[in-house]
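Commentary on secondary and tertiary structure
So the chains spell out like this:
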Amino acid sequence: MGDINLSLIVTVASIVIIALGFLLGLLRGRNRSIVRLILVIISAIVAISLRRNIVDAIMHVNIGEDTLANSILSLLFTGEITFPEKLIELLFALIEIVIGLIAFYLIFFVLLFITWALVFPIIKIFVKKGVKKGVLFGGIVGLIQGVLIAILTIAPISGLIYEVSRISHIKLNNEDLFELPAEMHVEEYLNSSSFKIYNKTGWWIFEIMSTTHHEDIEDLTLDEIIDTTDSVMKVAGLVTDLSQNMDNMNPDQSAPKTQVDTMKDIGETLIEVGNNIDSLSDNSKQLVNSLVDAVKELITPEGETLPPEIEETLDNFDIDSLDLVGAGTAINGIATYIEKTSSDFDNNEPVTQEDVDNIVNGLAANEFIIKMIAGETSDGELGNGKIAEIDNEHADMFTTAIESSSLTAEDKLALKSILGLA
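Residues numbered from 1 in each chain as written. Predicted model: local features only at pLDDT ≥ 70, side-chain atom pairs only at ≥ 80, totals over all residues. Heavy atoms only, no water.

A few words on the overall build of the protein chain. Scanning the protein chain from terminus to terminus reveals 18 helices and 6 strands. Burial analysis of the protein chain (422 residues in total) assigns 47% to the buried set. Partitioning the intrachain contacts of the protein chain with sequence separation of at least 6 by distance along the chain shows that 78% fall at a separation of at least 24. Put simply, the protein chain shows about 21500 Å² of open surface, and 57% of that area lies on carbon and sulfur atoms. (Helix = DSSP H or I, 4+ residues; strand = E, 2+ residues; numbered from the N terminus. Buried < 20%, exposed > 50% of the residue type's maximum accessible area, 1.4 Å probe, protein only. Contact = heavy atoms within 4.5 Å. Areas by Shrake-Rupley, 256 points an atom, 1.4 Å probe, with all protein chains shown as cover.)

Structure below.
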C-alpha cells in the first residue's frame, strides 16, 4: 500500500466542496441559493432521523440461518485473540455505529441528488434568482452550504479515525490491540489543523452518528464504549499485576529494594487505573460493573482457575465503592515507609501519623486489595500474604488507625495481617 496523506486528502476535499458551494451559489443567486440550502438541511435531518431504523433493519437481515448481527459476532470469535463474549457484544456496538454512519451517507447523498435533480428544478420555476446585486449574497449562502456539507461528510469520518486510533492503543497483555498501517499516517492527521478544525466544528454531528443503544442503555456513545473497553482491560491488567507480584511485595520473600520497586510500580498503576475509572461517565461505570465476568476470562490462563481470593474479589467488584487512587497512594506510602525504616536505604526521615493514616485509609477503602494480598488457605482461613513488617515503635500508630476505620472485624484482622501486625 502506498502512502495515504489523510491531511492532504481532507484539506483538498474541504476546499473543493466549499469552493463548489460558493460557485454554485453565485450562479443560483440569492433566492435559489437559500432554497437549496434549506433542501440540504432537510436532507441531513431526514438522513439522521432514518439512520437508526436502517441499522436495526440491516442487523436483523438473515444470512443463511442466522442474522447479520450474530454472523459478525461469530466472525469476531475466530482469530488469534479470543475476547470474552460480553466484551465482544460491547465492541459489536462499534460495528453498529459504522453501519449507521454508512447508512447516513447513503441516505444523505441520495436525498441530495433527488432534491437537486427533481425537487429543485420544480422550485426554480417559482423562485427567481433575485436582483442582480443578490449574486454575491447567493455566493455567501452557497459558501455556507459548502461548509455545512463539508462538516456533515468529513467530520464523522474524521471522528471515526480518531476513535479507531484510540481503540488500537487499548492494551491487551501489555500490547496494543492492533497496529494501524503506517502508510496511513493516522497520528500525523490527528495532530493536523484539518482534524482540529473538524473536531471543533463537527463534534455535534459525530456525537449523533456515534450514539447507539446497548442492553438497557439507550444513548451509549462510541467514546463511552471505548472508555469502558479500555477500563476493563486496565482492571484485568491491574488484577494480573497484583496477583503476579504478591511474592515480590512480601517482606518474608523479597529484599527491601525489590519490595519498594514493585510497590512503586503497582502504586502508580493503581493511581492510573483509578484516575481512568473516576473520569468515566455513568454509562461507562455501569458497563464496567457488568463486564466483570469478562475480566475473569481475560486473566484466567487456559485450562486453569483463578485463586479463590481473586475470584471472590471480582465476584464482589463494584466500581462505585473503589478508591484506587487512594489504594495507589497507600501502596506508595508503604514503599516510602520501608525506605524510612530499612537500613538498606539512606532515608532517616521520621514516620508521621499522616503517613500511617494515608496507608491505612487508602487500603481500608479497597477491601478487595486487602483480601487479595492476604489470600486464604484451602480451608477458607486467612492466608499469610503481607506487604510490610511494621516496626514495634510504629505498631500502635497503625493499630489505632486500623481500629478507627469502618472495616469489619474480619477485614481489620486481614489488614493487620498484611502489615505484619497480627
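Further remarks concern the pattern of salt bridges. Inspection of the entire model under this criterion finds 11 salt bridges. Aspartate 227 is the salt-bridge partner of arginine 166, the closest N and O atoms lying 2.4 Å from each other. Pair noted here: arginine 166 is in helix H4 (residues 134-168) and aspartate 227 is in helix H8 (residues 222-244), with a separation of 61 residues, a long-range link. A relative accessible area of 22% places arginine 166 in the partly exposed class. (Salt bridge = Lys/Arg side-chain N within 4 Å of Asp/Glu carboxyl O.)

Taken as a whole and judged by the stated rule, the model has 8 aromatic pairs. For the ring pair phenylalanine 104 and phenylalanine 108, a centre distance of 5.5 Å and an interplane angle of 5° mean the geometry is stacked. Of this pair, phenylalanine 104 and phenylalanine 108 both sit in helix H3 (residues 85-126), separated by 4 residues, roughly a single helical turn. Phenylalanine 108 carries the same exposure label as phenylalanine 104, and that label is buried. Among the aromatic residues, those joined into a cluster by ring pairs are Phe104, Tyr105, Phe108 and Phe109. (Phe/Tyr/Trp six-rings, centres within 6.5 Å; stacked < 30°, edge-to-face > 60°.)

Here we come to helix H16 (residues 367-374). Every α-helix winds through 3.6 residues per turn, so residues three or four apart in the chain are directed the same way. Most of H16 sits inside the fold, with 6 of its 8 residues counted as buried. Within the sequence span of H16, burial applies to Phe368, Ile369, Ile370, Met372, Ile373 and Ala374.

For the structure shown, the criterion picks out 4 cavities of 30 Å³ or more. The space that makes up the largest cavity amounts to roughly 90 Å³. Lining the largest cavity are Arg51, Arg52, Val55, Asp56, Glu96, Ile97, Met209, Thr211, Thr212 and His213. Every element with two or more residues in the lining of the largest cavity is listed here: helix H1 (6-59), H3 and strand E5 (211-214). For the lining of the largest cavity, the leading source of residues is H1, giving 4 residues. Considering only residue class, the lining of the largest cavity consists of 3 nonpolar, 3 polar and 4 charged. (1 Å grid on protein atoms, 1.4 Å probe; cavity = no way out; pocket = protein on both sides within 12 Å on 5 of 7 lines; lining within 4 Å. Points joined across faces, edges and corners; volume = space filled by probe spheres on them. Nonpolar A, V, L, I, M, F, W, Y, C, P; charged D, E, K, R; others polar.)

Among the nonpolar cores identified, the biggest contains 103 residues, and Ile334, Leu363, Leu415, Ile418 and Leu419 are the most heavily contacted of them. No other element matches the 11 residues that H4 contributes to this core. Those residues within four positions of leucine 363 in sequence are excluded, and the remaining contacts are Ala330, Ile331, Ile334, Ile369, Ile370, Leu415 and Ile418. (Core = buried A, V, L, I, M, F, W, Y, C linked by side-chain atoms within 4.5 Å.)

Of all 10 residues making up helix H18 (residues 409-418), 7 are buried, and the element is well covered by its neighbours. In this fold, the buried residues of H18 make contact with helix H15 (353-364), H16 and helix H17 (392-403). Looking one or two residues past H18, glycine 420 carries a phi angle of roughly 75°, positive in sign.

Attention now goes to unusual backbone geometry. The backbone of histidine 185 sits at a positive phi, close to 50°, despite the residue not being glycine. In this structure, histidine 185 sits in the loop between strand E4 (175-176) and helix H5 (186-190). According to the relative accessible area criterion, histidine 185 is partly exposed, its value standing at 25%.

A few words now on the environment of aspartate 261. Within the fold, aspartate 261 resides in helix H10 (residues 256-278). For aspartate 261, a relative accessible area of 36% gives the class partly exposed. Sequence separation between aspartate 261 and alanine 335 is 74 residues, and the spatial gap between their C-alpha atoms is 7.8 Å.

What follows covers a nonpolar patch on the surface. Taken together, the side chains of Ile34, Ile38, Ile42, Val46, Leu50, Ile54 and Phe137 make up a nonpolar region of the molecular surface, amounting to roughly 540 Å² of accessible area. In terms of residue count, the dominant contributor to the nonpolar patch is H1 (6 residues). Here isoleucine 34 is to be found in helix H1. (Patch = residues over 30% accessible without salt bridge, like charges linked within 9 Å, V, L, I, M, F, W, Y side chains within 5 Å.)

Below, the discussion takes up the packing of H8 against helix H11 (residues 282-290). To describe two helices that pack against each other, one gives the angle between their axes and the distance between the axes. Where H8 meets H11, the closest approach of the two axes is 9 Å, and the angle between their N-to-C directions is 40°. Relative to H11, the element H8 lies oblique. The hand of the H8/H11 crossing is right-handed. In this structure, H8 contributes Glu224, Asp227, Thr228, Ser231 and Val232 to the contact, and H11 contributes Asn283, Ser284, Leu287 and Val288. By residue class, the composition of the contact of H8 with H11 is 3 nonpolar, 4 polar and 2 charged. (Axes fitted to C-alpha atoms, helices over the stretch in contact; angles between N-to-C directions. Parallel < 35°, antiparallel > 145°, perpendicular 65-115°, else oblique. Left-handed = near helix turned anticlockwise from the far one by under 90°.)

This next bit is on the environment of alanine 374. Relative to the helices and strands, alanine 374 is located in helix H16. For alanine 374, a relative accessible area of 4% gives the class buried. Measuring from C-alpha to C-alpha, the distance between alanine 374 and lysine 416 comes to 9.7 Å, with 42 residues separating the pair along the chain.

In this section: the packing of H16 against H18. One can describe the packing of H16 onto H18 by two numbers: an axis separation of 9 Å at closest approach and a directional angle of 55°. One finds that H16 runs oblique with respect to H18. The handedness of the crossing between H16 and H18 comes out as left-handed. Seen from H16, the contacting residues are Glu367, Ile370, Lys371, Ile373 and Ala374; seen from H18, they are Asp411, Ala414, Leu415 and Ile418.

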